[in-house]
Amino acid sequence: MKYVVVFWIWILFFQLGWAQTTSVTLSGIVKNAQTKAALPYTNVTLHREKDSVFVSGAVTNEEGLFTLAGLASGNYVLKVTSVGFLPRNQSVLVGQLSEFLNVGTIELTEETTRLGEVVVTGQAEAVASGLEKKTFTLADNISQTGGSALEAMKNLPGVTVGEGGSVQLRGSDKVMVLVDGKQTALTGFGSQSGLDNIPASAIEKIEIINNPSAKYDANGNAGIINLIFKKEKQEGFNGKIGLATAVGALWVKRENYPTIRPQYQATPKINPSLSLNYRKNKVNVFLQGDNLYTQTLNKNEFADRYYDTGEIVRQQTKRNRNTNIVTVKSGMDWLPDEHNTFSLSGLFSSEKIIDRGDEPFFNRDVSERLRLWQFLEDELKTTVTASAGWQHTFKQPGRKLNLGFNYTFHREDEKYFFTNILPTYTGYDSFKLLSDEHVGDLNVDYVQPLRYGRVEGGLKLRRRYIPTNMQFFPGVNSPLDSSAGGWANYGEIIPALYGNYVFENKNFEIEAGLRVEYVNLRYEVNPTHPTYTSDGYSYTQPFPSLRWTYKLDEWNRVSFFYNRRVDRPNEVDIRIFPKYDDAEIIKVGNPGLKPQFTNSLELGYKNSYQEGYLYAALYHKRMDATITRIASIVPGSTLIYNIFQNAGRSSNTGMELVWSQQLASWATLNLNLNGYQNTIQAFSVLNQYPVENTFSAGKQQLLSGNVKLNGLFRLPHQLEAQFSAVYLTPDIIPQGKVYSRFSIDIGLKKPLQQGKGELFVNATDVANTLRIKRSVQGDGFRYVSTDYYETQVIRLGYNYKF
């Protein structure tokens, strides 16, 4: 109730407007009312309703069709005149839902007939606006220019970066990340991955969709982040070349424990990029290439483990990482005629990772080293995607049919070499993992404009297959569980159907849809595995979505959202092989993991005024079979096993505010407030690895949130400056909590060479304050850890357009 009260207080204090830019195409056909024959060469003009000012005009073709493009939202009068017929006037409302509107057939007769009102809608594409989608151009994100896609997202409203580099929307990491509207292995199919190694220089803009409609895949309860890669549309030959350099870890946040190798300092980074495009008549060809090389102090975590026996272990996990990723995307569009477009594109990505890690273990006063675990990880990730598409546009504008096929191959070739140093002996161990992912997607989508909106429908078929093989090579007195190796095969088939209906009039808007998915997942396990056996699941489930918007006036709206979504366990979540990059806090998957289903409700409000805008929302999500890692120990051991489990029911209830204010012609301020209460109900789970043990936890509840403040300043001599400050309050995780975090980023850019060139410099976490601290409470133990990983980076770069 307190959220509702505060929400309506905001509305009373901010009766402002909401500026959006729309571009709508209006079409129809003119016929003779008596003969039903088409009337060619008929004049059609559009005028503003309030003052009759001419806006646009056209003449019907030989089939009586007309098209008026580039219309902004507003109230209009459509005037149709032809020699020998009485003129016809028709009221038209251009709304904000569809890019195309079909007014249908307009008949001209000898008699005057009063036609009914026709509604035309337009889809907004504005920065930090729209109730269902927000779009952000990376050119405006000066403080993160030259970094990765992950770094570019840190300053976006509602987005935070959690442990391990996972992106979170409103406190949840169950986010579906798309590339140009498609899922790929580059960003993950079941869960997000690789965002810190996608160069931001390849991305034009980022879309955030908190309440996806039924046309999107049903996974990702927190919402969707869509990365739209750059693609020039100008005629002729053009392109862009860029070079960004950087240095990180300028000073040490915390010194190493004794007896280990130094941590990385003054880490270099370089990112050359090239974008080429040639468009001529019916052909468009494009090529993008990036090479991102980085050295980073990827992890520098200090953990203190306390056991009920009185034993205390202090450890450090330090990981120096070298990464080189090459990404090339190329393709072509062919337009044989005005109604058909054929597209073919491909992407190749090769990511080489070398990790050198040290993990010392000491007694309570760090006077005695109990063990030193050193590792070398040599990993090569290769991704190849191929996409083919055909779009047919009908004579009626906005009516179109899309057919597409996407294939993705992703190989994970990973080798680990361990040196296990104890007081009495030294052991040498290793393992090798090879995983090949094959994904094929077939999509069919159809859009039909209507008099008062549009209808969308389509189908999708996915086949996903991932054979995996893990081989352990144990040394003397090896701590590796070599019997847990072998092969495992992941197979998934998902056919889906969806339908979506959009309606709008002067008072309200409705978007309602239903997606039905069938899922059949099988996980075949090596029969010699000591713990796990083959498992899987199947279901046929509906996933409805609804958006209802009431227009208070021209500038103010209130919207209600509902949708149901699912988060299916990804292959790495159920992977049966233990991972030893941390020798005594070991991560293991669980093939018995089941999907997590989520029901979401949201009440949103927006208004605007000439110098800014306000967006506010109340939201509630309820998750069943919550997927999370559970830490436990087995009797007689101090090893902690982190195993994925379904922890029962949880919920997320909160409020978000986005406010933008142009303080002056040279200064704009943006504020994002997000507060929520995370609740995890009491649960009990059975861990099977390495031996059966039961873990139970009581109800957990905590108020959390984050604050983001961004300032953009246009200074003399065409200089642009930006600062971004982010504060994240403590948040709960199963068995514990994550403590507060804070950072400040700054940036500066200047156009050169008549706007063709651009020079930029920026710095992330300039005060070097960002670190991740968390505490975990288990049966018989607890631990507190703080990760002092590299967050401070200074970049310098140059871009040139030609």
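What counts, and where the lines are drawn
- Residues numbered from 1 in each chain as written.
- Predicted model: local features only at pLDDT ≥ 70, side-chain atom pairs only at ≥ 80, totals over all residues.
- Heavy atoms only, no water.
- Helix = DSSP H or I, 4+ residues; strand = E, 2+ residues; numbered from the N terminus.
- Rg over C-alpha atoms; globule rule 2.2 N^0.38 Å.
- Buried < 20%, exposed > 50% of the residue type's maximum accessible area, 1.4 Å probe, protein only.
- Contact = heavy atoms within 4.5 Å.
- Phe/Tyr/Trp six-rings, centres within 6.5 Å; stacked < 30°, edge-to-face > 60°.
- Lys NZ or Arg CZ within 6 Å of the ring centre and 35° of its normal.
- Polar contact = N/O pair within 3.5 Å; in protein donor to acceptor, adjacent residues only side chain to side chain.
- Pairing = 2+ DSSP bridges.
- Axes fitted to C-alpha atoms, helices over the stretch in contact; angles between N-to-C directions.
- Salt bridge = Lys/Arg side-chain N within 4 Å of Asp/Glu carboxyl O.
- Core = buried A, V, L, I, M, F, W, Y, C linked by side-chain atoms within 4.5 Å.
- pLDDT = per-residue confidence, 0-100.

Chemist: Tell me about the overall build of the protein chain, and name the residues and values.
Modeler: Secondary structure summary: the protein chain contains three helices and 45 strands in total. For a compact globule of 802 residues, the expected C-alpha radius of gyration is about 28 Å, and the protein chain comes in at 29 Å, within 12% of that figure. Judged by the C-alpha coordinates and their principal axes, the protein chain covers about 105 × 60 × 55 Å. Considering the protein chain as a whole, with its 802 residues, one finds that 55% of them fall into the buried category.

Chemist: Before we move on, could you go through the environment of Gly 589 and cite the residues and values that matter?
Modeler: If you trace the backbone, Gly 589 turns up in the loop between β28 (585–588) and β29 (596–609). Expressed as a C-alpha distance, the spacing of Gly 589 and Asn 570, which sit 19 residues apart in the sequence, is 9.9 Å. Setting aside residues no more than four positions away along its own chain, Gly 589 makes contact with Tyr 532, Asp 573, Ile 574, Arg 575 and Ile 643.

Chemist: Give me the packing of aromatic side chains: which residues, what numbers.
Modeler: Here the structure, examined in full by the defined rule, presents 26 aromatic pairs. Ring geometry for Phe 302 against Tyr 788: centres 5.8 Å apart, planes inclined by 75 degrees, an arrangement best described as edge-to-face. Of the two residues, Phe 302 sits in strand β17 (residues 283–307) while Tyr 788 sits in the loop between β44 (781–787) and β45 (793–801), which places them 486 residues apart along the sequence. Following the ring pairs from residue to residue traces out a cluster consisting of Trp 373, Phe 375, Tyr 416, Phe 418, Phe 431, Phe 472 and Tyr 580. Over the ring of Tyr 789 we find Lys 253, and its NZ or CZ is 5.7 Å from the ring centre. The residue whose ring lies beneath Arg 399 is Phe 394, and the NZ or CZ to ring-centre distance is 3.9 Å.

Chemist: Requested: an account of the side chain of Arg 321, with residues and values cited.
Modeler: Structurally, the position occupied by Arg 321 is in strand β18 (residues 312–337). A polar atom in the side chain of Arg 321 sits 2.7 Å from the side chain of Asp 355. In contact with Arg 321, not counting residues within four places along its chain, are Tyr 264, Thr 294, Gln 295, Thr 296, Asn 298, Ile 353, Ile 354, Asp 355 and Glu 377.

Chemist: Report on the sheet that holds strand β14 (residues 223–229), specifying residues and quantitative values.
Modeler: Strands sit in the order β9-β13-β14-β12 across an open sheet of four strands; the sheet is mixed. Each having just a single partner strand, β9 (134–137) and β12 (175–179) make up the two edges of the open sheet. Shown here is a sheet whose adjacent strand axes are inclined to one another by a mean of 15 degrees, direction ignored. Bridge count for β12 against β14 is five bridges, and the pairing is parallel. Across the sheet, the residue bridging to Val 175 is Gly 223, located in β14.

Chemist: Could you give me a rundown of the pattern of salt bridges, with the residues and numbers involved?
Modeler: Taken as a whole and judged by the stated rule, the model has 42 salt bridges. Here Glu 524 makes a salt bridge to Arg 522, at a shortest N to O gap of 3.8 Å. By relative accessible area, Glu 524 is classed as partly exposed at 33%. In this structure Arg 522 comes out as partly exposed when scored by relative accessible area, which is 39%. Here the salt bridges do not stand alone but share partners, grouping Asp 217, Glu 437, Asp 441, Lys 460, Arg 462, Arg 464, Glu 492, Arg 515, Glu 517 and Arg 568 into one network.

Chemist: Talk me through the sheet that holds β28; I want residue IDs and the actual numbers.
Modeler: Strand order across the open sheet formed by three strands is β28-β32-β31, with mixed pairing between neighbours. The sheet terminates laterally at β28 and β31 (627–632), the two strands that pair on one side only. Strand-to-strand twist in this sheet, taken as the mean axis angle between neighbours without regard to direction, amounts to 30 degrees. When β28 meets strand β32 (residues 640–646), the two strands line up parallel, connected through four bridges. When the sheet's bridge partners are listed, Val 588 is paired in β32 with Ile 643.

Chemist: Before we move on, could you go through the nonpolar core and cite the residues and values that matter?
Modeler: Among the nonpolar cores identified, the biggest contains 48 residues, and Trp 373, Phe 418, Tyr 580, Ile 640 and Tyr 689 are the most heavily contacted of them. With residues up to four places along the chain from it excluded, the contact list for Tyr 580 reads Trp 373, Phe 418, Phe 472, Pro 479, Leu 480, Asp 481, Ile 586 and Tyr 689. One finds Val 177, Leu 186, Ala 200 and Leu 227 within the second-largest nonpolar core, a separate group that totals 26 residues.

Chemist: Let's hear about the pairing of strand β16 (residues 267–280): which residues, and what values?
Modeler: Where burial is concerned, the two faces of β16 differ: the one with Thr 267, Lys 269, Asn 271, Ser 273, Ser 275, Asn 277 and Arg 279 is buried and the one with Pro 268, Ile 270, Pro 272, Leu 274, Leu 276, Tyr 278 and Lys 280 is not. Relative to β16, strand β15 (residues 236–248) runs antiparallel, the two being bridged by 13 bridges. Bridge pairing in β16 places Ile 241 opposite Leu 274. Across ten bridges, β16 lies against β17 in antiparallel orientation. The partner of Lys 269 across the bridge, within β17, is Thr 294. In sequence, β16 turns back onto β17 through a hairpin of two residues, with Asn 281 there showing a positive phi of about 55 degrees.

Chemist: Give a detailed account of the confidence of the model for the protein chain, specifying residues and quantitative values.
Modeler: This prediction gives the protein chain a mean pLDDT of 88; 93% of its residues lie at or above 70. Note that residues 1–21 has pLDDT below 50 and, in this model, 59 contacts with residues that lie over four places away or in other chains.

Chemist: How would you summarise unusual backbone geometry if you had to cite specific residues and measurements?
Modeler: Looking along the chain, the bond that leaves Tyr 689 and enters Pro 690 is cis, with omega of -5 degrees. Examined against the element boundaries, Pro 690 turns out to sit in the loop between β35 (683–687) and β36 (693–697). At Ala 266, a position not held by glycine, the phi torsion is positive, near 50 degrees. Looking at where Ala 266 falls in the secondary structure, it is placed in the loop between β15 and β16. The residue Asn 768 is not glycine, and still its phi comes out positive at about 55 degrees. Tracing the chain through its elements places Asn 768 in the loop between β42 (757–764) and β43 (772–778). Residue Asn 768 is classed as buried on the basis of its relative accessible area, which comes to 5%.

Chemist: Break down the environment of Ala 763 for me, with residues and values.
Modeler: With respect to the helices and strands, Ala 763 occurs in strand β42. Taking C-alpha positions, Ala 763 is 68 Å from Lys 36, a pair spaced 727 residues apart along the chain. Setting aside residues no more than four positions away along its own chain, Ala 763 makes contact with Ile 744, Asp 745, Ile 746, Val 793 and Ile 794.

Chemist: Any details on the side chain of Asn 570? Residues and values, ideally.
Modeler: Relative to the assigned elements, Asn 570 resides in the loop between β27 (557–567) and α3 (571–574). A polar contact is formed between the side chain of Asn 570 and the side chain of Arg 464, at a distance of 2.8 Å.

Chemist: Explain the environment of Leu 461 residue by residue, including any values.
Modeler: Among the structural elements, Leu 461 can be located in strand β23 (residues 453–473). Residue Leu 461 is classed as partly exposed on the basis of its relative accessible area of 40%. Once the C-alpha coordinates of Leu 461 and Ile 630 are considered, the two residues, 169 residues apart in sequence, prove to be 34 Å apart. With residues near it in sequence (within four places) discarded, Leu 461 still touches Gly 440, Asp 441, Leu 442, Ile 494 and Pro 495.

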